[in-house]
Structure formats: C-alpha cells, structure tokens
Amino acid sequence: MSDLVPADTTEDVRTRGAGVSRQVAVLPVGSFEQHGAYLPLATDTLVACAVAREIAGAYPVHLLPPVTISCSHEHAAWPGTVSISSVTLHAVVRDIAASLRRSGIDALVVVNGHGGNYVLGNVVQESSARGERMALFPAAEDWEAARGRAGVVTSLLTDMHAGEIETSILLHAHPEMLRPGYETSDFVADDRRHLLTLGMSGYTDSGVIGRPSLGSAEKGKELLASLADSFGAYFSMLTSDA
C-alpha cells in the first residue's frame, strides 16, 4: 500500500519542512479507465504514483495520496471506466492547494498520469496568474528526454494509450498487475483528429493505441530515473525566492 498511500506521520512532515526554505507538495493524479485487456483500470494512477514516488526519493517533497478518478470521458465505451467532470477535477485540485497553503505548504506540483486531464493545465495556469506556486509535471519535453534515455522506440504521438511507456513503467514498478497479452496487442492510429468527438472507440476496438510489445522493465526504470532528474528544474523554480 505504501506504493500508493504515503506512510508519513505528521511529525515526518514537520521534520522535512524544517529542513527546506519552502515546502513543495506532490500530488499524483491518475484515472480509472480501460487500458486494454492486459493493463489494469488503475494504470494511470499507478504510473502517476510511480513518478511521484521516484521524485519523493530524490527531493524533500511532501508526497500526497493520489487522485484516482479523473476525466476519462473518451473511454466511456469500455466497461469499468469511471469519470468526473473537468469542473470537479478543477475544484478538487484547487481545494487541495488551498488546504496545503493553510498548513504552511505553499507550492504544489501536480503529477499527471492521464493525457485526457486537459483541465489540469488550466488549473496551474490560473493559479500561477494569481501568484500561487503550482506546476504541472511531466511536460512533453520531460517525456521526450525520458524516451531518449530509456531507449523507447515509439514516438509520443504513436504511444497514446497502453503502449510502450505505460507497459514499461508497470513492468518495472508493478509487474504483478499485468495480464498476458500485451506482447501481441500492438495497434497504431496516429491520425486521431476527431478524438474529442468520437472518443477512443472511434480509433481502436481493443482500447490500445501504441506498441506495448516493446515494453520492458529496464525501460520503465530508466523512464522514471530520467523524470526524477527533470524534476530538479521544477523544484528549483518553486523553491526560489524569485
């Protein structure tokens, strides 16, 4: 359970906070949506938590438990998928940030594990315009750097859902969660211009868009290590006095 829910006590948080000039909280945001027949519905939450846990192992941050249900409306055609509205997710993240500020933690990094959570960019942008310290991680550039370091073959465009990256991270962090079949489930649909209208079912029958057969635990390990390195710039920005 410590992979998903931090085991800190309030004294742990107090001690960590005493050693830094400004406290930074890290909030993993995942989803509960279909990932084909071989990856669990909680894949995006597991990925976001794996990234956040890697960050917490390298930086003195306050790791929060994940938001596990988010905006997965494009996956509504598949059983098991659950969504909340973008308005609700916006409010949840803002409320969490406000609660943290009241307890003395005035910087928040949202670690997003689901590409459909477009509203998180708006939350961060609006909060920053109000003078609040907030960031969204990882950016596309961080993922590109991680792809290069890990030797991921599939482009970010092609590796859209349940593909090489997600499979690799789960093979490293939660191999017990994968079912047989990812080795033969590759499917590519790079032209998805009507995705917002048609949803995922307009482009894939299996729910997969990507090349999961190329996934490996070694790639997953390197992906996470690269993202932890990339996080350094975010941590410096949020803890600076500028």
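This text goes with the structure placed above it.
Residues numbered from 1 in each chain as written. Predicted model: local features only at pLDDT ≥ 70, side-chain atom pairs only at ≥ 80, totals over all residues. Heavy atoms only, no water.

A. Up close: the overall build of the chain. Regarding its fold elements, the chain presents eight helices and four strands. If you list the helices and strands of the chain from N to C, you get α-β-α-β-α-β-α-β-α-α-α-α. In summary, the chain has a C-alpha radius of gyration of 18 Å against a globular reference of 18 Å for 242 residues, a match within 12%. For the chain, the C-alpha atoms occupy an extent of roughly 50 × 35 × 30 Å along the three principal directions. (Helix = DSSP H or I, 4+ residues; strand = E, 2+ residues; numbered from the N terminus. Rg over C-alpha atoms; globule rule 2.2 N^0.38 Å.)

B. Just the nonpolar core, in detail. Ranked by size, the top nonpolar core spans 39 residues in total, and within it V26, I55, V109, F137 and F231 carry the most contacts. Apart from residues no more than four positions distant in its own chain, V26 is found in contact with A52, I55, V61, H62, L63, L64, L108, V109, V111 and F231. Core analysis: the second largest hydrophobic core is formed by 18 residues, V29, L100, V110 and M134 among them. (Core = buried A, V, L, I, M, F, W, Y, C linked by side-chain atoms within 4.5 Å. Buried < 20%, exposed > 50% of the residue type's maximum accessible area, 1.4 Å probe, protein only. Contact = heavy atoms within 4.5 Å.)

C. A look at helix α3 (residues 86-102). With 17 residues, α3 extends 24 Å between its outermost C-alpha atoms, agreeing within 8% with the 24 Å of an ideal straight helix rising 1.5 Å per residue. Looking only at α3, the buried set comprises L89, H90, V93, A97 and L100. Each buried residue of α3 lies within a common arc of 105° when the element is viewed along its axis, so the set occupies one face. With respect to the buried face of α3, the exposed residues turned more than 90 degrees away are V87, D95 and R102. (Expected span 1.5 Å × (residues − 1). Arc of directions from axis to C-beta.)

D. View of the environment of T15. When you line up the elements, T15 lands in helix α1 (residues 10-18). Residue classification places T15 among the exposed residues on the basis of a relative accessible area of 58%.

E. Molecular detail of the pairing of strand β1 (residues 24-29). Of all six residues making up β1, six are buried, and the element is well covered by its neighbours. Where β1 meets strand β3 (residues 107-112), six bridges bridge the pair, whose relative direction is parallel. Bridging across to β3, V26 finds its partner in V109. Two strands pair when backbone bridges link them, and β1 and strand β2 (residues 62-63) are joined in this way by two bridges, in the parallel orientation. By the bridge assignment, A25 is partnered in β2 with H62. Assessed by its sense of winding, the connection that carries the chain from β1 through helix α2 (residues 43-58) to β2 is right-handed. (Pairing = 2+ DSSP bridges. Right-handed = clockwise from strand over helix to strand, strands pointing away.)

F. Molecular detail of the side chain of S230. Tracing the backbone through its elements, the reader meets S230 in helix α8 (residues 217-239). Note on S230: relative accessible area 17%, which makes it buried. If near-sequence neighbours (up to four positions away) are discounted, S230 is found in contact with F137 and D142.

G. View of the pattern of salt bridges. Going through the model one piece at a time under the given rule, you end up with 11 salt bridges. In this structure, R22 and D106 form a salt bridge, with 3.3 Å as the shortest nitrogen-oxygen distance. With R22 in the loop between α1 and β1 and D106 in the loop between α3 and β3, this residue pair connects regions lying 84 residues apart in the sequence. Judged by relative accessible area, which is 18%, R22 ranks as buried. (Salt bridge = Lys/Arg side-chain N within 4 Å of Asp/Glu carboxyl O.)

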